[in-house]
Amino acid sequence: MEAILLQILNGLDKGGAYALIALGLSLVFGTLGVVNFAHGALFMLGAFVAVSVQELLTISMRVKDPSITFFDAYKEVPYLEVWWGDIGRAIIDYSVPISIVAAIPVMLLIGLAMERGLIRYFYKRDHADQILVTFGLAIVLQEIVKSFYGANPIPVAAPEAVATSVDVGAVFGMPGIVYPWWRLIYLLFSVVVIGLVFAFLQFTTFGMVVRAGMHDREMVSLLGINIERRFTIVFGIAAVVAGLAGTMYTPILSPDYHMGMDFLVLSFVVVVVGGMGSLPGAVAAGFLLGILQSFFSMNEIKSILPGIDQIIIYLVAVIILLVRPRGLMGKD
Amino acid sequence: MSDDDKKFPNLSRRGFLKASIATAAVTAAPTILIRNAHAFVNEPKGATVTLGFNVPQTGAYADEGADELRAFKLAVKHLNGEGDGGMLNTMKPSSLKGNGILGKKVTYVTGDTQTKSDAARASAKRMIEKDGALMISGGSSSGVAIAVQSLCQEAGVIFMAGLTHSNDTTGKDKRKHGFRHFFNAYMSGQALAPVLAEEYGRDRKAYHLTADYTWGWTQEESIKNATEALGWKTVAAVRTPLGAGDFSQYITPVLNSGADVLILNHYGKDMVNSLTQAVQFGLRDKMVNGKKFEIVVPLFSRLMAQGAGDAIKGILGTTNWHWSLSDEGSKAFVKSFGAEYGFPPSQAAQTCYVQTLLYANACEMAGTFNPCGVIEALEGFKFDGMGNGPTEYRAADHQCFKDVLVVRGKEKPSSQFDLLEVAKVVPRSQVEYDPSIFGGELGQCNA
């Protein structure tokens, strides 16, 4: 029983990441009609905002390392630590939460630049062209990150206070369900961000216009509303959502230049299962596929169906496409 | 009258046969002459000899590949008599004079394996056919090493393997032209198991997470056999896809499996992620079966330890070499590498540096670049002063045998490089095995 609960919890937090990426992907497709293969790269860039903030905070002075006698080696002591001691150390410790604040404007700018600089020229082209150009862009971004940060994963630590795990089961009178704090925070964070995006679209005038535009772009334009500009901002929001998902994910998975591609394929499956352009569909499918993936990794199931954990997501996608070709919540 | 009539005025049956045989002999002659003239592939004609360094310059192992390349460049420098000479001064016995190889200046070309077998083969092929490389070295993945090794065998050049740890490289996939200085999964198992039993006791239940490819499989098998022989039980051995990223779905079943040890048969990025996540799930703070839960990583490198950060502290594993060793060879190598690049070399760098020197030395010993001669010189070659104590290139499978280091992630590192401490030096006799257990055939040289 504990094992099943644990896998469900694991699926939820995995699903949180899938849902966040797929939400942005679906938002862009629903508004701009663009299949954005560079969306995974935005997730990766968000993660590297955290890496950059960490590097900024730990800019260090070189002190000769007396413990190495074979050659001249240097130790690096962060300036923050030199100047402010414990307070400096605490600031470095909280680099991920600080990165969140930094990631919002950075990702918004990157998103806007990407849309204005490249994507908008491809609105009227067919999907194959869009896929090619965004895929190319993803590779360019990846290589740029690699040339700056190398190919190896760079560890980014969660604040020490939440770097450990907690017995979640004890709260419900079922001790033994131990889960890392940060993953629980990630799950909560994804729910909050998803809630904010929906609230924004549902309860603001801006959101209303965007929804109207998604429904009938031409009509909204004819009413004298500059829907283009609104959609540009939507692209920026999608970039922020993907970027934040990446920033928060760094303590879970040490980021490297390739992490976006790894998530991109999964997110597309999530969007397809959820229904292209359907936001609730993307979120529901994200959590659903996360849980399925976790659940089918259990040894009891793998002993009956070896290798099922690696294909289950695609298997579900095939079945859904056969039964409901427009996805779980896609409109006919 | 035609010319033929002039040559064979009375052509009889016997005469025709004789003429045919003569013709056949004449036709065959140039080939024999050519074979003699070019007794082996890429025989150096000018004043230089070219070596090919095939390392991952892009892809997941790019940083490791970069360190290998640094070591190769340093080795070439030392062979040509530049710099402080590094291990040239400590290697025993040595025929190296610091004037290149057999009096020819050493030059090199590089290739990018991308950590993919097909790309690695293509770049090795280019270096052999276009650049005239006499020897190929490099690696950083057993899949790549095995693929390039068989290509070198076909092409007739020597392959001095870099970082490759699968038993298959000098086991079922061994080749006459291939040589490995690095240790293998079997040796890791034999060296590590007694230390594990000593530290964690004999009544332990292990859970394996294994990278699903040639190296992972042989690693899992080796550790499983070695630990079970000492009384451990294996609860489960779960294969994980290479490059899975998030391993949490494989780690959560460990929590309630009854296992009290987690063995991570992962390398590189996979190991960094799986170890970090296992620690996040509180595995190291857990008590199971009345014992403290332990994590073991059978193959370590300093570069990986850097990636794993604090998670590596206290974790046991094995390594081929570590820069903090205090023998003369290691000290000389670390000194010249550190002076050149400002940081100590990794185990991948050491094995590549040593392999280049060993190849050069074998050419000097043989007095030729002919692979057959070089192979003969390397087979059974015993040497010392290269950082691993007395070492032997076993003739039967072209595997080096030397002491194996059991290391532990250092609790209180004194510098950013000081991440591992040597827990035990396991003597060579304890990790030796009968070459026939892994099967495979070496084949012939230049064939």
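Residues numbered from 1 in each chain as written. Chains lettered and ligands numbered in written order. Predicted model: local features only at pLDDT ≥ 70, side-chain atom pairs only at ≥ 80, totals over all residues. Heavy atoms only, no water.

*Asks:* Give a description of the overall build of chain B that names residues and reports values.
*Replies:* Helix and strand counts for chain B stand at 14 helices and 17 strands. Considered along the principal axes of its C-alpha atoms, chain B spans approximately 105 × 50 × 40 Å. Counting every position in chain B, which comprises 447 residues, the buried fraction comes to 60%. Surface summary for chain B: the accessible area is close to 16,200 Å², and the carbon and sulfur share equals 53%. (Helix = DSSP H or I, 4+ residues; strand = E, 2+ residues; numbered from the N terminus. Buried < 20%, exposed > 50% of the residue type's maximum accessible area, 1.4 Å probe, protein only. Areas by Shrake-Rupley, 256 points an atom, 1.4 Å probe, with all protein chains shown as cover.)

*Asks:* Can you lay out the confidence of the model for chain B for me, pointing to particular residues and giving the numbers?
*Replies:* Residue and element names in this part refer to chain B. Confidence in the prediction for chain B averages 87 pLDDT; 91% of positions are at 70 or higher. Confidence drops under pLDDT 50 across residues 1-9; counting only partners more than four residues distant or on other chains, this segment forms two contacts. The low-confidence segment residues 29-37, where pLDDT is below 50, has one contact with residues more than four positions distant or belonging to other chains. Across the predicted assembly, pTM comes out at 0.80 and ipTM at 0.78. (pLDDT = per-residue confidence, 0-100. Contact = heavy atoms within 4.5 Å.)

*Asks:* Give me the lowdown on the pattern of salt bridges, citing residues and values where you can.
*Replies:* Taken as a whole and assessed by the stated rule, the structure comprises 30 salt bridges over all chains. The salt bridge involving Asp13(A) is made with Arg183(A); its shortest N-O contact spans 3.6 Å. Residue Asp13(A) is found in helix H1 (residues 2-32), and its partner Arg183(A) is found in helix H8 (residues 181-203); the two are separated by 170 residues along the sequence. The class for Asp13(A) is buried, based on a relative accessible area of 1%. Salt-bridge contacts for Arg428(B) lead to Glu432(B); the nearest nitrogen and oxygen are separated by 3.1 Å. Look at Arg428(B) and you get partly exposed, because its relative accessible area is 22%. What you see here is one network of salt bridges that share partners, running through Asp13(A), Lys14(A), Arg183(A) and Asp246(B). (Salt bridge = Lys/Arg side-chain N within 4 Å of Asp/Glu carboxyl O.)

*Asks:* Outline the sheet that holds strand S8 (residues 261-265) of chain B, listing residues and values.
*Replies:* Residues and elements named next belong to chain B. Spatially, the seven strands line up as an open sheet ordered S7-S6-S8-S11-S12-S16-S17, and their pairing is mixed. The open sheet has two edge strands with one neighbour each: strand S7 (233-240) and strand S17 (420-426). Strand after strand, the sheet turns through a mean of 25 degrees between neighbouring axes, direction not considered. Relative to strand S11 (residues 294-299), S8 runs parallel, the two sharing three bridges. Bridge pairing links isoleucine 263 to valine 296 in S11. Contacts from helix H6 (residues 185-200) reach S11, strand S12 (316-319), strand S16 (404-409) and S17 within the one sheet, and its direction differs from that of S12 by about 155 degrees. Sheet strands touched by helix H8 (residues 248-255): strand S6 (205-211), S7 and S8. Its angle to S6, the strand with the most contacts, is close to 170 degrees. (Pairing = 2+ DSSP bridges. Axes fitted to C-alpha atoms, helices over the stretch in contact; angles between N-to-C directions.)

*Asks:* Explain unusual backbone geometry residue by residue, including any values.
*Replies:* Residues and elements named next belong to chain B. Following lysine 92, the chain continues into proline 93 via a peptide bond in cis, with omega recorded as -10 degrees. Looking at the element boundaries, proline 93 is found in the loop between helix H3 (62-79) and strand S2 (105-112). Positive phi, close to 60 degrees, is recorded for asparagine 42, a residue that is not glycine. In this structure, asparagine 42 sits in the loop between helix H2 (13-37) and strand S1 (48-55). Asparagine 42 gets classed as partly exposed once you look at its relative accessible area, which sits at 23%.

*Asks:* Give a description of the sheet that holds strand S15 (residues 400-401) of chain B that names residues and reports values.
*Replies:* On the basis of which strands lie adjacent, the open sheet formed by three strands has the order S13-S14-S15 (chain B) and antiparallel pairing. Since the sheet does not close on itself, it has two edges, and those belong to strand S13 (382-383) and S15 of chain B, each with one partner.

*Asks:* I'd like a rundown of the side chain of His39(A), residues and numbers included.
*Replies:* All names here are of chain A. Relative to the helices and strands, histidine 39 is located in helix H2 (residues 39-57). Assessed through its relative accessible area of 1%, histidine 39 is described here as buried. Each residue touching histidine 39, except ones within four places of it in the same chain, is listed here: Ile21, Gly24, Leu25, Ala238, Ala242 and Leu264.

*Asks:* Summarise the environment of Phe438(B); cite the residues concerned and give the values.
*Replies:* Residue and element names in this part refer to chain B. Its location among the elements puts phenylalanine 438 in the segment after helix H14 (428-431). For phenylalanine 438, a relative accessible area of 21% gives the class partly exposed. Separated by 268 residues in the primary sequence, phenylalanine 438 and threonine 170 have C-alpha atoms spaced 8.4 Å apart. If sequence neighbours within four positions are ignored, phenylalanine 438 has contacts with Asn167, Gly171, Lys172, Tyr186 and Tyr433.

*Asks:* Just give me the short version of the interface of chain A and chain B, but keep the residues and values in it.
*Replies:* Listed as interface residues are 45 residues of chain A and, on the opposing side, 42 residues of chain B. Both faces considered, chain A and chain B share a buried interface measuring about 3,300 Å² in area, 50% of it formed by carbon and sulfur atoms. At the junction of chain A with chain B, the criterion picks out two salt bridges. A salt bridge links Asp246(B) to Lys14(A), with the shortest nitrogen-to-oxygen separation between them at 3.2 Å. For the side of chain A that touches chain B, the secondary structure elements donating two or more residues are H1, strand S2 (74-78), strand S4 (178-180), helix H13 (279-295), helix H14 (299-304) and helix H15 (308-323) of chain A. (Buried area = accessible area lost by both parts, 1.4 Å probe.)

*Asks:* Can you break down the state of the cysteines residue by residue, with the values?
*Replies:* All names here are of chain B. Enumeration over the complete set of coordinates arrives at one disulfide over all chains. A sulfur-sulfur separation of 1.9 Å characterises the disulfide bridge that pairs cysteine 372 with cysteine 445. Here the disulfide of cysteine 372 and cysteine 445 is right-handed, its torsion about the S-S bond being about 95 degrees. Taken together, the residues cysteine 372 in helix H13 (residues 371-378) and cysteine 445 in the segment after H14 connect sequence positions 73 residues apart. Classification of cysteine 372 by relative accessible area gives partly exposed; the value is 25%. No disulfide involves cysteine 363; its sulfur sits 13 Å from the nearest other cysteine sulfur, which is in cysteine 372. (Disulfide = S-S within 2.5 Å.)

*Asks:* An account of the packing of H1(A) against H13(A) is needed here, citing residue identities and associated values.
*Replies:* The axes of two packed helices give the description: the angle between them and the distance between them. Residues and elements named next belong to chain A. Interaxial distance between H1 and H13 falls to 6 Å at its minimum, and their mutual angle equals 145 degrees. As H1 runs across H13, the sense of the crossing is right-handed. Broken down by class, the residue content of the contact of H1 with H13 amounts to 14 nonpolar, ten polar and one charged. (Left-handed = near helix turned anticlockwise from the far one by under 90°. Nonpolar A, V, L, I, M, F, W, Y, C, P; charged D, E, K, R; others polar.)

*Asks:* Explain the domain arrangement of chain B residue by residue, including any values.
*Replies:* Residue and element names in this part refer to chain B. Looking at chain B, the domain boundaries give domain 1 (3-183 + 324-402) and domain 2 (186-319). Relative placement of domain 1 and domain 2: their C-alpha centres are 35 Å apart. Taken residue by residue, the interface counts 19 residues in domain 1 and 18 residues in domain 2. For the pair domain 1 and domain 2, the two sides together bury roughly 1,600 Å², of which 58% comes from carbon and sulfur. Linking domain 1 to domain 2 there are zero salt bridges. Where domain 1 meets domain 2, there are twelve residue pairs in polar contact (both at pLDDT 80 or more). (Domains from an automatic or database assignment. Polar contact = N/O pair within 3.5 Å; in protein donor to acceptor, adjacent residues only side chain to side chain.)

*Asks:* Provide a residue-level description of the nonpolar core, including the pertinent values.
*Replies:* Leu262(B), Leu275(B), Leu358(B) and Tyr359(B) are the most contacted members of the largest nonpolar core, which has 118 residues in total. Here this core gets eleven residues from one element, more than from any other, and that element is helix H12 (residues 347-366) of chain B. Among the domains, domain 1 (3-183 + 324-402) and domain 2 (186-319) of chain B are the pair contributing at least three residues each to this core. Discounting chain neighbours no more than four positions away, the residues touching Leu262(B) are Tyr207(B), Leu209(B), Val254(B), Ala278(B), Leu283(B), Phe293(B), Glu294(B), Ile295(B) and Val296(B). One finds Leu32(A), Ala239(A), Phe263(A) and Leu289(A) within the second-largest nonpolar core, a separate group that totals 98 residues. (Core = buried A, V, L, I, M, F, W, Y, C linked by side-chain atoms within 4.5 Å.)

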